[in-house]
Amino acid sequence: MTATILSATERGIVEQFPLLKSAPLVEALAENDALFVVVGCGTSFYLAQSIAAALTASGRQALAVTGGEWWHRPGAYVVAGSRVHVIALSRSGESTETVKAAEASRARGLFVTALTCAEGSSLTRHADRVLYAPTHASEGVVMTASASLMLQMGLRLAGVAVDDRAIDAAEDLMRQMDVVAAEALSGRSHVVFLGAGVLQGIAQEGALKLKEMSLSFTEAYPTLDYRHGPIALADEKTLVIILYHPDGAGEEPLLARQIQRQGGCVIGIGGPGDYTLTPGGAAAVRPLVCLPALQILGERCALAKGLDTDAPRFLTKVVSL
Ligand code: F1P
């Protein structure tokens, strides 16, 4: 019997769990009167959205802003002169907008914390504090283990207890997804990700992952907002992944039924669907538990289309302007 050779991207997904367990611990941020602005580009921005929601839920007022927006027009987000603590996320530490946003923030006298997987990067030179976790050695263009590592750091800043059981739950959910992914994707050309609260950014990241890895048309919405127009496109070509919110908002299963009535297929993570996956772990760690499952879905979709996720079309590891 020959052993299966995994692509580098797939290794970054399935081999990330020991890295998460051995990552340096991060102390929770003080609950003070500063506003936290969490900044990033692409995947790092979607993680920022989830981290900002977790910070706010834990009593630390926060919002997420893209690197480009915080660099060019912070006044559209925060009143000038506000006491702001900037948390800048970047795997590479070299995305131009994020680096410039950190540099401009410090020039305005704001405190900057960097979350990164690259020691000594440009971002770290424009930060007052650096939180660093090394990512998988074979990670390529597509952010996989690095995304989970930065999300883990951000959740810990919010005081969320990410322990080994949470990481085991993430691995278990990834395996559950791997069992159903190919069948659920079969015949579907339009994939939608829905999530609310801390899961909204994770839904966005799921959509980006599938787009980057498999060149598929994807969308993402705050769960209940999907009914307000976008659901018109849901039919037998559609697969919807619902990241059910752990607070169990009663209306989410109704949405799943409507999608099914229109011919769509639903993977329900933590709730009903054509396929139901069961996430373990506490409610607060759900964003991290869900992330590797969405990464493996992207990998399996790419495989079904014969695409190589180690060489994604038109993408580069670092976007420099
Ligand atoms: C962010 C990012 C990725 C994207 C692409 C280019 O990078 O936009 O999200 O997938 O690979 O870079 P970083 O600032 O986290 O290094």
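Just so we're clear, the structure is a prediction, and the values are computed from it rather than from any experiment. (Residues numbered from 1 in each chain as written. Predicted model: local features only at pLDDT ≥ 70, side-chain atom pairs only at ≥ 80, totals over all residues. Heavy atoms only, no water.)

(A) Seen up close, the overall build of the protein chain. Broken down by element type, the protein chain carries 11 helices and 10 strands. Here the contacts in the protein chain between residues at least 6 apart in sequence split such that 76% fall between residues at least 24 apart. Accessible area for the protein chain stands at about 13200 Å²; split by element, carbon and sulfur atoms hold 54% of it. Of the charged side chains in the protein chain, 26 are positive and 32 negative; the average position of the first set lies 3 Å away from that of the second. (Helix = DSSP H or I, 4+ residues; strand = E, 2+ residues; numbered from the N terminus. Contact = heavy atoms within 4.5 Å. Areas by Shrake-Rupley, 256 points an atom, 1.4 Å probe, with all protein chains shown as cover. Lys, Arg positive; Asp, Glu negative; His and termini not counted. Charge placed at Lys NZ, Arg CZ, Asp CG, Glu CD.)

(B) Just the sheet that holds strand β5 (residues 129-132), in detail. Here we have five strands laid out as an open sheet, ordered β2-β1-β3-β4-β5, and parallel in their pairing. Looking at strand neighbours, the two that pair on one side only are β2 (62-66) and β5, the edges of this open sheet. On average, each strand axis in the sheet is tilted by 20° relative to the strand beside it, whichever way the strands run. Pairing of strand β4 (residues 111-116) with β5, which is carried by four bridges, proceeds in the parallel orientation. Along β5, the bridge assignment pairs L115 with L131. Against the sheet, helix α3 (residues 43-57) makes contact with β1 (35-40), β2 and β3 (84-90), and its axis sits at roughly 170° relative to β2, the strand it touches most. Packing against the sheet, helix α5 (residues 96-107) makes contact with β1, β3 and β4, and its axis sits at approximately 160° to β3. (Pairing = 2+ DSSP bridges. Axes fitted to C-alpha atoms, helices over the stretch in contact; angles between N-to-C directions.)

(C) Structural detail: the sheet that holds strand β8 (residues 238-243). If you walk across this open sheet you meet the five strands as β7-β6-β8-β9-β10, and the pairing is parallel. Of all the strands in the sheet, the pair left with one neighbour each is β7 (217-222) and β10 (275-277). Each neighbouring strand pair of the sheet contributes to a mean axis angle of 15°, computed without reference to strand direction. Its contacts with the sheet place helix α8 (residues 164-185) against β6 (190-195), β8, β9 (265-269) and β10, and it is angled at close to 165° to β10. Packed onto the sheet, helix α10 (residues 252-261) meets β6, β8 and β9 and runs at close to 175° relative to β8.

(D) Region of interest: the side chain of T98. Along the chain, T98 falls in helix α5. In this view, T98 contacts G40, C41, G67, A88, L89, S90 and L123; residues no more than four positions away in its chain are not counted.

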